[in-house]
Amino acid sequence: MLCPVTTLVRSKPDSVAVAAVDEARAALLAEADASDVGEHLGHEVEGERVVTHLFACTRPGYVGWRWSVTVARASRQKSVTVDEIVLIPGEGAIVAPEWLPYRERIQPGDLSPGDLLPVEDDDPRLVPTYLVGDDSIPDDEQEQIRSVAEDLGLGRVRTLSLEGRELAAQRWYDGDGGPASALAQSAPDACTTCGFLMRVAGPLAESFGVCANGNANDDGRIVSFDHGCGAHSEVRLAKRHEPVPPPLPVVDNLNPDDVEAF
């Protein structure tokens, strides 16, 4: 069975719409100051009898921008109609960065005292620590369930999900506390053999710990076992790098009579 072949037919440029440079400029000058409009930069065919004319923008602060004037010609008409006039960025234009929600723009250290960052109820990084049942359970019984959960150490309403744990582990491993940091690359040994490494509990205990060396850059921070720094507990200086001991003291036992004798 032969499949039908679809042929794409490109719209032919409409000669009247392509030649309507003066009409497009006149419409543009009715909306913008003449000092803001530069030379004609060409045209783009948008569709059947629809053409967009482009003009340079000479407005201060809009380097690389251009005016876009779209004209169209109705069937059996000899003149064009202006459809749209907009200012659009061209190549090399300075534009605002792509908008990101506030939650995605926040970086570690951005929160100040008193700032709040609510977590969504359906955040995939969290799962319920325990369930109190459906709405048919009376409030007093639900309160008893919460009380028992708190006694068992499950007082938190939600805890990390598997996805949340994996995201945290990957973030820590790729960050400054992982093996790829410049500090770890030049370290004499890894954290896994350092006496200052404090073990953590839970599923991440086999890969991460907390640095407890007050002289290290990572003191109090999560580090991977294959991270490292120059403050490793077993680092020893080579003999040529050891400090030179001070010379033996010289006791000055001269007295005034000895000085006069000389």
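The coordinates are above.
Keep in mind that this is a model prediction, so the values were computed, not measured.

Enquirer: Tell me about the sheet that holds strand β9 (residues 222-224), and please be specific about residues and values.
Expert: In space, the three strands of this open sheet follow the order β7-β8-β9, with antiparallel pairing throughout. Each edge of the sheet is formed by a strand with only one pairing partner; in this case those strands are β7 (197-199) and β9. Between one strand axis and the next, the sheet turns by 50° as a mean value, whatever way the strands run. Both strand β8 (residues 208-211) and β9 contribute to a ladder of three bridges, which runs antiparallel. Looking at β9, one finds that Gly209 is bridged to Val223.

Enquirer: Before we move on, can you summarise unusual backbone geometry with the specific residues and values?
Expert: Positive phi, normally seen in glycine, also occurs at Arg49, with a value near 65°. Here Arg49 is to be found in the loop between β1 (37-47) and β2 (50-57). Although it is not a glycine, Arg76 adopts a positive phi angle of roughly 70°. Mapped onto the elements of the fold, Arg76 is located in the loop between β3 (65-72) and β4 (81-89). Under the relative-accessibility criterion, Arg76 is labelled exposed at 79%.

Enquirer: Explain the sheet that holds β1 to me, using residue names and the numbers behind them.
Expert: Judged by pairing direction, the sheet is antiparallel, and its four strands sit side by side in the order β1-β2-β3-β4 without closing on themselves. At either end of the open sheet lies a strand with only one pairing partner, and these are β1 and β4. When the angles between neighbouring strand axes are averaged without regard to direction, this sheet yields 20°. For β2 and β3, the ladder comprises seven bridges, and the chain directions are antiparallel. Along β3, the bridge assignment pairs Val51 with Val71. Helix-sheet contacts for helix α2 (residues 21-29) involve β1, β2, β3 and β4, and the interaxial angle to β1 is about 115°.

Enquirer: Describe the nonpolar core, and please don't skip the residues or the numbers.
Expert: Core analysis: the largest hydrophobic core is formed by 15 residues, its most contacted members being Leu28, Val37, Phe55, Trp67, Val69 and Val71. Contributing elements (two or more residues each) for this core: α2, β2 and β3. Counting residues per element, this core draws most heavily on β3, which supplies four residues. Sequence-distant contacts of Leu28, defined by excluding residues within four places in its chain, comprise Val37, Phe55, Trp67, Val69 and Ile85.

Enquirer: So what's going on with the environment of Gly177? Which residues, and what values?
Expert: Secondary-structure assignment places Gly177 in the loop between α5 (162-174) and α6 (182-185). Residues Gly177 and Phe208, spaced 31 residues apart in sequence, show a C-alpha to C-alpha distance of 9.4 Å.

Enquirer: Which residues make up empty space enclosed by the protein, and what are the values?
Expert: Following the criterion strictly, the structure yields one cavity of 30 Å³ or more and no others. Empty space within the largest cavity amounts to approximately 120 Å³. Residues that form the lining of the largest cavity fall into these classes: ten nonpolar, four polar and two charged.

Enquirer: Go over α2 with me, naming the residues and quoting the values.
Expert: Taken as a whole, α2 has its buried residues at Ala24, Ala27 and Leu28. Looking down the long axis of α2, one finds its buried residues gathered within 100° of arc, a one-sided arrangement.

Enquirer: Before we move on, can you summarise the layout of surface pockets with the specific residues and values?
Expert: Left-over empty space is what a probe sized like a water molecule reveals as it rolls over the atoms. Of the volumes computed, that of the largest pocket is approximately 610 Å³. Around the largest pocket, the lining is made up of 18 residues, and of these Pro108, Arg125, Leu167, Arg171 and Trp172 lie nearest the centre. Of all the secondary structure elements, the ones that give two or more residues to the lining of the largest pocket are α5 and β9. The greatest single-element share of the lining of the largest pocket, amounting to three residues, is contributed by α5.

About the criteria used
Residues numbered from 1 in each chain as written. Predicted model: local features only at pLDDT ≥ 70, side-chain atom pairs only at ≥ 80, totals over all residues. Heavy atoms only, no water. Pairing = 2+ DSSP bridges. Helix = DSSP H or I, 4+ residues; strand = E, 2+ residues; numbered from the N terminus. Axes fitted to C-alpha atoms, helices over the stretch in contact; angles between N-to-C directions. Buried < 20%, exposed > 50% of the residue type's maximum accessible area, 1.4 Å probe, protein only. Contact = heavy atoms within 4.5 Å. Core = buried A, V, L, I, M, F, W, Y, C linked by side-chain atoms within 4.5 Å. 1 Å grid on protein atoms, 1.4 Å probe; cavity = no way out; pocket = protein on both sides within 12 Å on 5 of 7 lines; lining within 4 Å. Points joined across faces, edges and corners; volume = space filled by probe spheres on them. Nonpolar A, V, L, I, M, F, W, Y, C, P; charged D, E, K, R; others polar. Arc of directions from axis to C-beta.

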